[in-house]
Amino acid sequence: QVQLVESGGGSVQPGGSLRLSCAASGSMESINYMGWYRQAPGKQRELVARIFSGGSTNYVDSVKGRFTISRDNAKNTVYLQMNSLKAEDTAVYSCYAEIKTMDSITRAYWGQGTQVTVSS
């Protein structure tokens, strides 16, 4: 059984920084990509950033230049370094991964979500 366990959310003032981590565990053959989604109250969930197994990345325009996604393949862990945080970054951030398990089936997995609050 594959699990994604997140850590690193919290509250910070505008302009501050936070780093989110998400570790995948279980019987995995490979991880196609890992990423972060967020959902603010009253808004649709949006893809914030993702990183593919080869290292290529995608970011939503609103976080480009402020957020950096990285991955430690040996630890099956993805990180989201968030700098210059703004009030509009406030949301529940959820880790997402597309993983091929040992039965050679590729599935989508979600973390439990972690709250990020940016407020003065």
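In this numbering scheme, every chain counts its residues from 1 along its sequence in written order. Reporting of local features is limited, given that this is a predicted model, to residues whose pLDDT is at least 70; pairs of side-chain atoms are given and counted only at 80 or more, and all residues count toward the totals for whole chains, interfaces and linings. Excluding hydrogens and water, the side-chain values take into account all heavy atoms of the structure.

### Concerning the state of the cysteines
Such a bond, covalent and formed between the sulfur atoms of two cysteines, is termed a disulfide.
Then comes step 1: A pair of sulfur atoms, both from cysteines and within 2.5 Å, is called a disulfide here. Using the criterion set out here, one finds one disulfide in the structure.
Then comes step 2: Across the disulfide, C22 is cross-linked to C95 (sulfur-sulfur distance 2.0 Å). Every disulfide takes its handedness from the sign of the S-S torsion; for C22 and C95 that torsion is -85°, giving left-handed. In this pair, C22 sits in strand β3 (residues 18–25) while C95 sits in strand β9 (residues 91–101), placing the two residues 73 residues apart along the sequence. For the pair shown, C22 and C95 are each scored as buried. Helical segments are the DSSP runs of H or I of at least four residues, strand segments are the runs of E of at least two, and each set is numbered from the N terminus. To sort residues, take the accessible area from a 1.4 Å probe on protein chains only and compare it with the maximum for the residue type: under 20% means buried, over 50% means exposed, and anything in between is partly exposed.

### Observations concerning unusual backbone geometry
Then comes step 1: Its identity is not glycine, yet N76 carries a phi of approximately 50°, on the positive side.
Then comes step 2: With respect to the helices and strands, the residue N76 is situated in the loop between β7 (67–72) and β8 (77–82).
Then comes step 3: For S84, which is not a glycine, the phi torsion comes out positive at approximately 50°.
Then comes step 4: When you line up the elements, S84 lands in the loop between β8 and β9.
Then comes step 5: Residue S84 is classed as partly exposed on the basis of its relative accessible area, which comes to 42%.

### Details of the pattern of salt bridges
Then comes step 1: Basic side-chain nitrogens of Lys or Arg form a salt bridge, by our definition, when they fall within 4 Å of a carboxyl oxygen of Asp or Glu. Overall, the coordinates contain five salt bridges when judged by the stated rule.
Then comes step 2: Close ionic contact of K64 with D61 constitutes a salt bridge, the shortest N to O distance being 2.9 Å.
Then comes step 3: Here D61 falls in the exposed class, since its relative accessible area comes to 59%.
Then comes step 4: Between R107 and D103 there is a salt bridge; the shortest N-O distance is 3.1 Å.
Then comes step 5: With a relative accessible area of 43%, D103 lands in the partly exposed category.
Then comes step 6: Among the charged side chains, a network of salt bridges with common partners joins R38, E46, R66 and D89.

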